[in-house]
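# Geometric and topological summary
Below are the chains, spelled out letter by letter.
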Amino acid sequence: MSSVAAPPKNEFPIRVENLTLAYGETVIQRDLTFSIARGAIFVVMGGSGCGKSTLLRHLVGLQKPASGRIFYGALSFWEADEQTRKRFLRHCGILYQSGALWSSLTVAENVELPLREYTRLSDKEIRDLAQFKLALVGLAGFGNHYPAEISGGMRKRAGLARALALDPDILFFDEPSAGLDPLSARRLDDLILELRESLGATVVMVTHELASIFAIGTDSVFLDAESRTLIARGNPVNLRDECPDPRVRRFLRRGAEE
Ligand SMILES: Nc1ncnc2c1ncn2[C@@H]1O[C@H](COP(=O)(O)OP(=O)(O)OP(=O)(O)O)[C@@H](O)[C@H]1O
């Protein structure tokens, strides 16, 4: 059993095969097939409402596909039982849009939460580890603050420290820079890059931010709302410059024609 939930070690930690996403009878995206290489910063792109967040929900176990499969290494995620899925998800860190911190807990307590839930470390070890993760995201000294007492950018970074608590192999981000000023967004990009380097993690990110996409994205898929499927994939800068599909080029050039 434990070998099933171990971090995937093969070249493509994530593989999506013929995935169809739907809410009831309404198909949002169909026939999505792509792989995400280990160590990639993989961006899910596309216009508003095309299904980016829905795809992310499927990848992190919140929503079951209408059809198709998601593989993490050899594990066919949605074909596994719930306990196996949960065990696998301990290898994943997830940063939601708002940071999603508990407002009644201090920043440090928020980071300690997954460690208390999923490890048998001593209280001191947990506190030390939380401090270490906070230092990693530049929040040393802010552990005793409550989320309401720090800025939006700091809350994002605290959410990131929490996502990092269990040393994830895969990090999922939903609009990480939404609501941040350009400088804070840039700092968060740099931090994501640094973490990818230092942890060797794979990053999967939903974002609209073209600056972020071009600055840190190494690979991507482009989902189209109208045809309800994937219309391009590859390095975002290459897609902007060379994608044969004008819908993709227009989006990546903010609507500008050739
Ligand atoms: N719980 C739900 N029930 C039914 N339809 C939903 C639900 N959540 C989202 N949708 C619909 O699914 C489609 C895709 O939504 P989703 O939030 O995944 O898109 P998105 O690409 O992330 O959009 P945005 O960029 O605006 O955040 C939209 O048409 C949305 O209205």
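Structure shown above.
Read on for an overview of the structure. Every chain is numbered independently, its residues counted from 1 as its sequence is written. The predicted origin of the model limits local features to residues at a pLDDT of at least 70 and limits the giving and counting of side-chain atom pairs to 80 or more, whereas totals for whole chains, interfaces and linings rest on all residues.

Now for the sheet that holds strand 1 (residues 14–23). Whether two strands pair depends on DSSP finding at least two bridges between them. By the criteria applied, helices consist of DSSP H or I runs no shorter than four residues and strands consist of E runs no shorter than two, each listed in order from the N terminus. Judged by pairing direction, the sheet is antiparallel, and its four strands sit side by side in the order 2-1-4-5 without closing on themselves. Each edge of the sheet is formed by a strand with only one pairing partner; in this case those strands are strand 2 (26–36) and strand 5 (75–76). Sheet topology note: the strand 1/strand 2 ladder contains seven bridges and is antiparallel. If you follow Ala 22 over to strand 2, its bridge partner there is Val 27. Residue pairs qualify as contacts under a 7 Å threshold applied to their C-beta atoms, which are placed from the backbone. Helix axes use the C-alpha atoms of the stretch in contact, all axes being lines fitted to C-alpha atoms, and the angles between their N-to-C directions lie in the range 0 to 180 degrees. Relative to the sheet, helix 2 (residues 52–59) contacts strand 1, strand 2 and strand 4 (67–72), its axis offset from that of strand 1 by approximately 120 degrees.

For each residue, a C-beta atom is placed from the backbone, and the residue is labelled near a molecule or strand when this atom is within 6 Å of it. Taken together, Tyr 23, Ile 28, Gly 46, Ser 48, Gly 49, Cys 50, Gly 51, Lys 52, Ser 53 and Thr 54 form the complete shell of residues around the ligand. Counting residues per element, the shell around the ligand draws most heavily on helix 2, at three residues. The residue classification treats Ala, Val, Leu, Ile, Met, Phe, Trp, Tyr, Cys and Pro as nonpolar and Asp, Glu, Lys and Arg as charged. All others, Gly included, are polar. Within the shell around the ligand, the residues separate by chemical class into three nonpolar, six polar and one charged.

To continue, consider the sheet that holds strand 9 (residues 219–224). If you walk across this open sheet you meet the six strands as 6-7-8-3-9-10, and the pairing is mixed. Among the strands making up the open sheet, the edge pair consists of strand 6 (92–95) and strand 10 (229–233). In this sheet, adjacent strand axes meet at a mean angle of 20 degrees when their direction is disregarded. Across the sheet, helix 6 (residues 152–163) touches strand 6 and strand 7 (170–174), and the angle it forms with strand 6 is around 165 degrees.

Attention shifts here to the packing of helix 4 (residues 107–118) against helix 5 (residues 123–136). Relative placement of two packed helices is described by the angle separating their axes and the distance separating the axes. For the pair helix 4 and helix 5, interaxial distance at closest approach is 9 Å and the crossing angle is 120 degrees. With respect to their mutual orientation, helix 4 and helix 5 come out oblique. Taken as a pair, helix 4 and helix 5 cross one another with a handedness that is right-handed. Each of Val 107, Ala 108, Val 111, Glu 112, Leu 115 and Arg 116 in helix 4 lies in contact with helix 5, whose residues at this interface are Ile 126, Arg 127, Leu 129, Ala 130, Gln 131, Lys 133 and Leu 134. Partitioning the contact of helix 4 with helix 5 into residue classes produces eight nonpolar, one polar and four charged. Roughly parallel means an angle under 35 degrees; roughly antiparallel, over 145; roughly perpendicular, 65 to 115; everything else is oblique. A crossing counts as left-handed when the near helix is turned anticlockwise from the far one by less than a right angle, and as right-handed when that turn is clockwise.

To sort residues by burial, count the other C-beta atoms lying within 10 Å of each one's C-beta; a count of 20 or more means buried, 12 or fewer means exposed, and anything in between means partly exposed. C-beta atoms are built from the backbone. Of all eight residues that make up helix 2, six are buried, and the element is covered over most of its length. Looking only at helix 2, the buried set comprises Lys 52, Thr 54, Leu 55, Leu 56, His 58 and Leu 59. Immediately beyond the C-terminal end of helix 2, within one or two residues, lies Gly 61, with a positive phi of roughly 85 degrees.

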